[in-house]
Each structure stands twice: as C-alpha cells, then as structure tokens.
Amino acid sequence: SPRIQPSLPALHRMTDRDWGAKTGGGGVASGDQSNIQRRERLRQLALETIDLAKDPYFMKNHLGSYECKLCLTLHTNEGNYLAHTQGRRHQSNLAKRALRDARHAARPGPSSSAPGVPPGFAAPRVPPRGAGTARRVRIGRPGFRVARQRVEGGALRVVFAVEFPEIAEGLQPRHRFMSAYEQRKEVPDRNFQYLLFAAEPYETVAFKIPNRPIDKTEGLFWTEWDPVKMVFTLQLQYEP
C-alpha cells in the first residue's frame, strides 16, 4: 500500500516541539528562553521597586541609549537597565560604594577628593604650600618610555617607564586599566583598552593597548616606584 506522507502542518508541529517534550505538554525551555524569562522577571521586579527619576546612576546619553554610571555599562532601553540593576554586578558595586561612603564618613577631616583624578584612583593628599591655595596647577604630561619584546612562547611583554621628577612630596604614582567605553575621546573599540598613570601635579597620561588577557603571574606583572630617579615602572605580559 502507498505510504502516507504527513501534511505540512503536521511537520510544522513536529519540528516546533522540542525533543524530550511529551505530546500535549509544553516544550522544554532552552537556556536562551530561561534567560529571557529570568530577565523579564527581574525587569518586572525593578519596575515595582525602582523609580528611575530618583536613581542617581541612571543616565540617558546623547545617542539615545542608557548608561549605568556606577557600573559604566550601556543599555538599549529602560527595561534592560532595570534588569541590570537587579543583577549581581550592580548589587555588588552598590555594596562596595556603600562601604566606601561609610569609610569616608567616618574619616575625620576634609574630603580627600582632588580635581582631575580619574575614577578608580585614590585621591592623593598634597600638603598645602601656601594659605589661600584653592586648586592645584597642572604642569603638563610626564615623560615616558615604552619597550616591547617577544618572549619565549611568542607572548608579548611591554614595559612602561613614566618619569615624575616634580611629583608632590610624599606621593606615589598610581595606575589603572580603563575600558574603551569609559573614555569620551575616541569612538569605543572593544579590541582596545587604556592604561592610565596619574600623579600630582601632572596631567593623567593614558596608553592605548590591546584588550587581551594579561598574565598576572608573579614576576610577569609588576610595578616599581624609584623615589631616587622619580620613575614609575610597570611591566605586563599578555597570555600567549
């Protein structure tokens, strides 16, 4: 007898049902579907508990997208931002910010913040040199040398030597890594990041480096401040 082929709607139903699902029952939720449902639940929860008008970290930029000023993240819409506020990263940063504010509130004396210090740097304390001095005068960018070499295995090693001969007394230069989305000088490129060096009274200097994993093994990543030669040295090595 001729074999009966299933109709097109029947084939459509068969392909739509996920493998492992029982006939007449709901399909097995995939990982993507579970994530979508979780984000939607978080968004609905945030809508009930958060007033964006009173959120100090919510900002709409000139491109029409939204930013979290605490976590330095970009979001396409308000719902995406609200889901972010319920996530682990935002909640962890809120806890860290609250702890830092509590420490500053308990610290006696005036605030240690200084103008021109990038986020993530410890605000340097410069002893006053004269009465009535309200602001520090910047004296320009420090001199620097950069050396690159390929080591055994093909890994790239880079050494930065930044000179601070006029650094304020009692201070030591600071450094930090900054993502391409934190800066406002260039169009963000996720393939690069920035390495910043700062010390009073110099301007902060930044180096644009590849955004690749850095080997933090002892002896491969290190910093050194020479108070005699007034040179701050940092060595990093990318993972091969």
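As the structure is a prediction and not an experimental result, all values here were calculated from the model.

As for the overall build of the protein
Moving on, step 1. A count of helices and strands for the protein gives 4 helices and 10 strands.
Moving on, step 2. From first element to last, N terminus to C terminus, the protein shows the α and β order α-α-β-β-β-α-α-β-β-β-β-β-β-β.
Moving on, step 3. Counting the 240 residues in the protein, one finds 30% classified as buried.
Moving on, step 4. The contacts of the protein with a sequence gap of at least 6 include a subset with a gap of at least 24, amounting to 48%.
Moving on, step 5. Total accessible area on the protein stands at roughly 17,100 Å², and carbon and sulfur atoms take up 52% of it.

Examining the pattern of salt bridges
Where charged atoms from two side chains of opposite charge come close, those side chains can pair.
Moving on, step 1. As enumerated under the stated definition, the model contains 6 salt bridges in all.
Moving on, step 2. With a closest N to O distance of 3.5 Å, R97 and D101 form a salt bridge. Taken together, the residues R97 and D101, both in helix α4 (residues 88–106) and 4 residues apart, mark about one turn of the helix.
Moving on, step 3. The class of D101 is partly exposed, set by a relative accessible area of 39%.
Moving on, step 4. E203 is the partner of R141 in a salt bridge, and the nearest nitrogen-oxygen pair spans 3.8 Å. Residue R141 is located in the loop between α4 and β4 (143–150), and its partner E203 is located in the loop between β7 (192–198) and β8 (205–210); the two are separated by 62 residues in the primary sequence.
Moving on, step 5. R141 gets classed as exposed once you look at its relative accessible area, which sits at 66%.

A look at the pairing of strand β9 (residues 222–226)
Moving on, step 1. Pairing analysis gives 5 bridges linking β9 to strand β10 (residues 231–237), with the strands arranged antiparallel. Within β10, the residue paired with E224 across the bridge is T233.
Moving on, step 2. Where β9 hands over to β10, the hairpin turn is made up of 4 residues, of which M230 adopts a positive phi near 60 degrees.

Concerning the packing of aromatic side chains
Moving on, step 1. Tallied over the full model, the rule gives 9 aromatic pairs.
Moving on, step 2. Consider the rings of F58 and Y81, whose centres lie 4.8 Å apart with planes at 55 degrees: the pair is tilted. Taken together, the residues span a long stretch of sequence, with F58 in strand β1 (residues 58–60) and Y81 in helix α3 (residues 78–85) at a distance of 23 residues. As far as burial versus exposure is concerned, F58 and Y81 are alike and both buried.
Moving on, step 3. Ring geometry for F160 against F197: centres 6.1 Å apart, planes inclined by 45 degrees, an arrangement best described as tilted. Here F197 lies in strand β7 and F160 lies in strand β5 (residues 156–163), a separation of 37 residues in the sequence. Note on accessibility: F160 and F197 belong to one class, buried.
Moving on, step 4. Through a chain of ring-to-ring contacts, the aromatic side chains of F144, F160, F197, F207 and F232 assemble into a single cluster.
Moving on, step 5. Over the ring of F192 we find K208, and its NZ or CZ is 4.8 Å from the ring centre.

Some words on the environment of Q149
Moving on, step 1. Structurally, Q149 can be placed in strand β4.
Moving on, step 2. Since its relative accessible area comes to 43%, Q149 is described here as partly exposed.
Moving on, step 3. A C-alpha to C-alpha distance of 8.8 Å links Q149 and V159, two positions 10 residues apart in sequence.
Moving on, step 4. Sequence-distant contacts of Q149, defined by excluding residues within four places in its chain, comprise A155, L156 and R157.

The rules behind each value
Once a new chain begins, its residue numbering starts again from 1 and follows that chain's sequence as written. Only residues with pLDDT of 70 or above have their local features reported here, since the model is predicted, and side-chain atom pairs are shown and tallied only from 80 upward, although totals for entire chains, interfaces and linings are computed over all residues. Just so you know, side-chain values use all the structure's heavy atoms and leave hydrogens and water out. Strands are runs of DSSP state E lasting at least 2 residues, helices are runs of H or I lasting at least 4, and numbering of each runs from the N terminus. Throughout, exposure labels follow a simple rule: accessible area from a 1.4 Å probe, protein chains only, divided by the maximum for the residue type, with under 20% read as buried, over 50% as exposed, and the rest as partly exposed. Any pair of residues with heavy atoms lying within 4.5 Å of one another is described as a contacting pair. Here the accessible surface of atoms and residues is derived via Shrake-Rupley with a 1.4 Å probe, and residues count as covered only by protein chains that are part of the display. Each salt bridge in this description consists of a side-chain nitrogen of Lys or Arg and a carboxyl oxygen of Asp or Glu lying within 4 Å of one another. For two strands to be treated as a pair, DSSP must find no fewer than two bridges joining them. Any two of the Phe, Tyr and Trp rings considered here, Trp counted by its six-membered ring, make a pair once their centres fall within 6.5 Å; the pair's planes then place it as stacked at under 30 degrees, edge-to-face at over 60, or tilted in between. The rule for a charge over a ring is simple: NZ of Lys or CZ of Arg within 6 Å of the ring centre, and within 35 degrees of the ring normal.

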